[in-house]
Amino acid sequence: MLRRLFKDWQTAEAPPGAIRQVGALPYAVVDGRMAFLLVTSRRSGRWIFPKGAIEPDLTPWDSAALEAYEEAGVLGEVEQEPIGSYRAAAGSGGYKLIDIDLYPLRVTQQLDSWKEKGQRLRHWVTVRESRRLLAHRDLADLVAGFHDARAEKRRA
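Residues numbered from 1 in each chain as written. Predicted model: local features only at pLDDT ≥ 70, side-chain atom pairs only at ≥ 80, totals over all residues. Heavy atoms only, no water.

### Here we look at the environment of Phe49
With respect to the element layout, Phe49 can be found in the loop between strand E3 (47-48) and strand E4 (51-52). Since its relative accessible area comes to 1%, Phe49 is described here as buried. Distance from Phe49 to Phe36, taken between C-alpha atoms, is 9.0 Å for residues 13 residues apart in sequence. When residues no more than four places from it in sequence are discounted, the contact partners of Phe49 are Ala24, Leu25, Pro26, Phe36, Leu37, Leu38, Val39, Leu134, Leu139 and Val143. (Helix = DSSP H or I, 4+ residues; strand = E, 2+ residues; numbered from the N terminus. Buried < 20%, exposed > 50% of the residue type's maximum accessible area, 1.4 Å probe, protein only. Contact = heavy atoms within 4.5 Å.)

### A few points about the confidence of the model for the protein chain
Within the protein chain, residue pLDDT values average 87, and 85% of them lie at 70 or more. Low confidence marks residues 1-12, where pLDDT is under 50. Its contacts with residues over four positions away, or in another chain, come to 7 contacts. (pLDDT = per-residue confidence, 0-100.)

### Examining the packing of aromatic side chains
Following the criterion strictly, the structure yields 2 aromatic pairs and no others. With a centroid separation of 5.1 Å and 70° between ring planes, the pair formed by Tyr27 and Phe146 is classed as edge-to-face. With Tyr27 in strand E1 (residues 19-30) and Phe146 in helix H4 (residues 137-155), this residue pair connects regions lying 119 residues apart in the sequence. For Tyr27, a relative accessible area of 6% corresponds to the buried category. (Phe/Tyr/Trp six-rings, centres within 6.5 Å; stacked < 30°, edge-to-face > 60°.)

### Regarding the pairing of strand E2 (residues 33-40)
With 7 of 8 residues buried, E2 lies mostly within the body of the structure. The pairing of E1 with E2 spans 4 bridges and is classified as antiparallel. Looking at E2, one finds that Val30 is bridged to Arg33. Counting the residues in the hairpin turn of E1 and E2 gives 2 residues, including Asp31, whose phi is positive at 50°. Examined bridge by bridge, E2 and strand E8 (residues 122-125) share 4 bridges and lie antiparallel to one another. Paired with Val39 across the strands is Arg122, a residue of E8. Across 2 bridges, the pairing between E2 and E3 is antiparallel. The residue bridging Thr40 from the neighbouring strand is Trp47, located in E3. In sequence, E2 turns back onto E3 through a hairpin of 6 residues, with Gly45 there showing a positive phi of about 75°. (Pairing = 2+ DSSP bridges.)

### Considerations on the pattern of salt bridges
Under the definition given, this model contains 11 salt bridges. Salt-bridge contacts for Glu70 lead to Lys115; the nearest nitrogen and oxygen are separated by 3.8 Å. With a gap of 45 residues between them, Glu70 in helix H2 (residues 60-72) and Lys115 in the loop between strand E7 (96-110) and E8 connect regions that are remote in the sequence. Look at Lys115 and you get exposed, because its relative accessible area is 60%. A salt bridge links Arg150 to Glu79, with the nearest nitrogen and oxygen atoms 2.7 Å apart. Of this pair, Arg150 sits in helix H4 while Glu79 sits in the loop between strand E5 (74-78) and strand E6 (84-90); the two residues are 71 residues apart in sequence, bridging distant segments of the chain. Salt bridges sharing common partners tie together Arg20, Arg87, Asp99 and Asp101. (Salt bridge = Lys/Arg side-chain N within 4 Å of Asp/Glu carboxyl O.)

Put into structure tokens, the structure is as follows:
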């Protein structure tokens, strides 16, 4: 029963005025294999992708790229179309719902020093490892779908 209620909460339409954020999906292809860059959240230390508010003077995808730069210390080519979105709870008590649109960012440069280096860890993972480490199941499903679609595209 609780599992069904939780699933309904995750997939329900966002109420009017719901909080919307953007996230970056930093990835790289090395020797034909795709890897994804995770960071830890500041409060709980759980593995996530960089995410945050849409900056008033930036597009949603450029805001996602800025989050990747600040939280993970990476630069790259961000896509203008999100691969999907997921819902997360915010606040110390998880009292606010946030819908997060996820934008792929092909990493071209990883910096040794960045804004939130002392506040977060970063870790490159395979798609399989991302499923095990990511805090949100819906997010892991988005990563797997992106991975499979790109792998199929490379084979074609």
